[in-house]
Amino acid sequence: LGTDRMDLVSEPSHASQARTSGWYEDTFLTHFARSVALWVVRQARPDGAPSDMDWSTIDLIGQLCGRLASLLRAQVVLLGVKGSRLQFVERGVSIEGRRHLTLGRGCVLERGVHIRAFSQGGIQLGSGVTVGRYSVLEASSGIGAPHGQIVLEDGVGISDYCFLGGAGGLRLGRDTIVGQAVT
């Protein structure tokens, strides 16, 4: 009669919790895959992987597969571009003026990014730079203005749908973040 409802509900045992949670979390293969995935993240990021990453193994492996596809795509899309070969390029990225583009280690060019690097100064992206979906980087406004330049230093993040023009020269310092739809 004075019994609390919570007292009547038994807590699940440790064995039943193990069965209901992902059985895949405790196998040697998943520990190995997680170690490999974290190693790849550490290699790709200039500052290394955060030590407090608490992603599930399945999420981490899914991200790794997506990054692996982006890494392989980069080897084809970035032919003729100066810089590191460790880049990540998503679908729909287009680059004009490849010989005027320099990329640091671990750059990410997300879906639909368009880069026009035609100019004497070109476009330089530092290590760990991310350019968001459907953004445009344009070093000059055309043949009549060949002196433009865009320099994005290490760790710069450009959000989705941005337009960065470098006809007058543009430099963004380390770890700068540009919000969505900035022109």
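The following refers to the structure shown.

How each quantity is defined
Residues numbered from 1 in each chain as written. Predicted model: local features only at pLDDT ≥ 70, side-chain atom pairs only at ≥ 80, totals over all residues. Heavy atoms only, no water. Helix = DSSP H or I, 4+ residues; strand = E, 2+ residues; numbered from the N terminus. Buried < 20%, exposed > 50% of the residue type's maximum accessible area, 1.4 Å probe, protein only. Contact = heavy atoms within 4.5 Å. Areas by Shrake-Rupley, 256 points an atom, 1.4 Å probe, with all protein chains shown as cover. Pairing = 2+ DSSP bridges. Expected span 1.5 Å × (residues − 1). Arc of directions from axis to C-beta. Axes fitted to C-alpha atoms, helices over the stretch in contact; angles between N-to-C directions. Core = buried A, V, L, I, M, F, W, Y, C linked by side-chain atoms within 4.5 Å. Patch = residues over 30% accessible without salt bridge, like charges linked within 9 Å, V, L, I, M, F, W, Y side chains within 5 Å. Salt bridge = Lys/Arg side-chain N within 4 Å of Asp/Glu carboxyl O. Phe/Tyr/Trp six-rings, centres within 6.5 Å; stacked < 30°, edge-to-face > 60°. Lys NZ or Arg CZ within 6 Å of the ring centre and 35° of its normal.

What about the overall build of the chain?
Across its full length, the chain carries four helices and 14 strands. For the chain, the proportion of its 183 residues judged to be buried stands at 34%. Long-range contacts, defined as pairs at least 24 residues apart, comprise 26% of the intrachain contacts of the chain with a sequence gap of at least 6. In the structure as shown, the chain presents an accessible area of about 11000 Å², 57% of it carried by carbon and sulfur atoms.

Remarks on the pairing of strand S10 (residues 149-152)
Inspection of the sheet shows strand S7 (residues 122-125) paired to S10 by four bridges, in the parallel sense. The residue bridging Gly-122 from the neighbouring strand is Gln-149, located in S10.

Details of the sheet that holds strand S8 (residues 130-131)
An order of S2-S5-S8-S11-S14 is seen for the five strands of this open sheet, with the pairing classed as parallel. The open sheet has two free edges, formed respectively by strand S2 (88-89) and strand S14 (177-178), since each of these has just one partner strand. With two bridges joining them, strand S11 (residues 157-158) and S14 adopt parallel strand pairing. Across the sheet, the residue bridging to Ile-158 is Val-178, located in S14.

Describing the pairing of S7
As paired strands, strand S4 (residues 101-103) and S7 are joined by three bridges and run parallel to one another. Paired with Thr-102 across the strands is Gln-124, a residue of S7.

Notes on helix H4 (residues 57-77)
Taking 1.5 Å per residue as the helical rise, H4 with its 21 residues ought to reach 30 Å, and the 30 Å between its terminal C-alpha atoms agrees with that figure. Listed as buried for H4 are Thr-57, Leu-60, Ser-70, Ala-74 and Val-77. In an axial view of H4, the angular spread of the buried residues amounts to 160°, which keeps them on one side of the axis. For H4, exposure combined with an orientation more than 90 degrees from the buried face picks out Leu-72 and Val-76.

Concerning the sheet that holds strand S12 (residues 163-165)
The strands that make up a sheet pair up through hydrogen bonds in the backbone, lying either parallel or antiparallel. If you walk across this open sheet you meet the four strands as S3-S6-S9-S12, and the pairing is parallel. Bordering the open sheet on either side are strand S3 (94-96) and S12, each of which pairs with just one other strand. Each strand axis lies, on average, 5° off the axis of its neighbour in the sheet, ignoring direction. Sheet topology note: the strand S6 (residues 114-116)/strand S9 (residues 136-138) ladder contains three bridges and is parallel. Paired with His-114 across the bridge in S9 is Val-136.

Observations regarding the nonpolar core
Among the nonpolar cores identified, the biggest contains 28 residues, and Leu-78, Ile-115, Ile-123, Leu-125, Leu-137, Leu-152 and Ile-158 are the most heavily contacted of them. Non-local contacts of Leu-137, meaning those with residues more than four positions away in its chain, are made with His-114, Ile-115, Arg-116, Ile-123, Leu-125, Val-131, Ile-150, Leu-152 and Leu-164.

Description of a nonpolar patch on the surface
On the surface, Phe-28, Leu-29, Phe-32 and Val-36 cluster together into a nonpolar patch covering about 460 Å² of accessible area. Among the structural elements, Phe-28 can be located in helix H3 (residues 28-44). Relative accessible area serves as the criterion here: at 69%, Phe-28 is assigned to the exposed category.

Some thoughts on the packing of aromatic side chains
Using the criterion set out here, one finds one aromatic pair in the structure. Centre to centre, the rings of Tyr-134 and Tyr-161 are 5.7 Å apart; their planes meet at 15°, and the pair counts as stacked. You can see Tyr-134 sitting in the loop between S8 and S9 and its partner Tyr-161 sitting in the loop between S11 and S12, a full 27 residues away along the chain. Looking at Tyr-134, the relative accessible area reads 40%, which means it is partly exposed. Positioned above the aromatic ring of Phe-88, the side-chain terminus of Arg-67 is 5.4 Å from the ring centre.

Scope: geometric values only; no functional claims are made or implied.
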